[in-house]
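# Breakdown of the fold
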Amino acid sequence: MSARPHVVLRDAEREDAAALIALWAECFEASQDEGSEAFTQQALWREPGVAEAATALELNLSRPDKRIILALVDGEIIGATVCDVGTLTPISLTRVLIVTEIQVSPRYRRKSVALTLLSAAASYGEEHNCEIVIAAIPAHSREPHRYLTKIGFNQIAVLRAIQSSKLRSRLTSKATNSRDTGKLIAVRRTLRRRQSHARGSRPPALGRNHTVGGDD
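First things first, this report covers the structure right here in the doc. For every chain, the first residue of the written sequence is number 1, and numbering continues from 1 along that sequence. Restriction of local features to residues with pLDDT of at least 70 applies here, the model being predicted, together with a cutoff of 80 or more for giving and counting side-chain atom pairs; totals for whole chains, interfaces and linings are based on all residues. For the side-chain quantities, the full set of heavy atoms in the structure was used; hydrogens and water were omitted.

## Focus: the overall build of the protein chain
A run of DSSP states H or I qualifies as a helix once it reaches four residues; a run of E qualifies as a strand once it reaches two. Both are numbered from the N-terminal end. When its secondary structure is counted, the protein chain shows six helices and five strands. Expressed as a percentage of its 216 residues, the buried residues of the protein chain come to 26%. Should any heavy atoms of two residues lie within 4.5 Å, those residues are considered in contact. For the protein chain, the share of sequence-separated contacts (at least 6 apart) that also reach a separation of at least 24 residues comes to 65%. Burial status follows relative accessibility: with a 1.4 Å probe on protein chains alone, a residue under 20% of its type maximum counts as buried, one over 50% as exposed, and anything between as partly exposed.

Here it is in structure tokens:
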């Protein structure tokens, strides 16, 4: 294998499902030795079946302004990235290119494959008049972070993830606890008001020099 293999780019197709599963799985296996920071990202990974992956590809490729670019060497898919055109905020027309899933086979890293994929992504953004390019990559992927920083990317946001079922459980628990706490505070306030009212309605205490029933 040469230092810089000849890379061919093309768009993904539904029939690439099995090859893309293999690529994602290979990259996942390589990420397991990247330290404890990789745990969260690994917990989100679930290897799909070919039928599921094909359906997911079909769904994503049917979306307007979305593109999945593949890198191939000798006919083998060894890299991929996903491009999505959107706006910077829901209330502005500043167009941005969001680049995600920058996957490169560990066997072909440090051979300009990521550079080739990013160049294609940048060209796609220019075709759609995107003013800003945003790259979203796993927090534990140190090498891609260093590479993107080196070519000028700055950190502008932090992505956090949680399973939907766990989020719903946590939100429900917090809402319930909040209601219970609110009820407890209300009860305590009512008791304090009643105690204050009771103290205020008592007759005044008699002084030491005051006599009852004495002569006028």
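## Some details on unusual backbone geometry
Its identity is not glycine, yet Arg 110 carries a phi of approximately 65°, on the positive side. Along the chain, Arg 110 turns up in the loop between strand S4 (95-104) and helix H4 (113-127). Overall, Arg 110 belongs to the exposed group, its relative accessible area being 73%. Non-glycine residue Ser 112 carries a positive phi angle of around 70°. Residue position: Ser 112 is located in the loop between S4 and H4. Taking relative accessible area as the criterion, Ser 112 reaches 23% and is therefore assigned partly exposed.

## Digging into the sheet that holds strand S1 (residues 8-11)
Here, a strand pair is defined by DSSP locating no fewer than two bridges between the strands. Taken in spatial order, the five strands make up an open sheet running S1-S2-S3-S4-S5, and their pairing is mixed. Two strands lie at the open edges of the sheet, namely S1 and strand S5 (132-136), each paired on one side alone. Averaged over neighbouring strand pairs, the angle between their axes works out to 25° when direction is ignored. Relative to strand S3 (residues 76-87), strand S2 (residues 66-73) is paired through eight bridges, and the arrangement is antiparallel. What sits directly across from Leu 70, in S3, is Ala 80. Angles shown run from 0 to 180 degrees and are taken between the N-to-C directions of axes, each axis being a line fitted to C-alpha atoms and, for helices, limited to the stretch in contact. Lying on the sheet, helix H1 (residues 17-31) is in contact with S2, S3 and S4; it crosses S3 at an angle near 90°.

## Quick look at the pairing of S2
Extensive coverage of S2 is indicated by the burial of seven of its eight residues. Pairing analysis gives four bridges linking S1 to S2, with the strands arranged antiparallel. Within the sheet, the bridge partner assigned to Leu 9 lies in S2 and is Ala 71. Connecting S2 to the antiparallel partner S3 that follows it, the hairpin turn spans two residues, and Asp 74 within it adopts a positive phi of roughly 55°.

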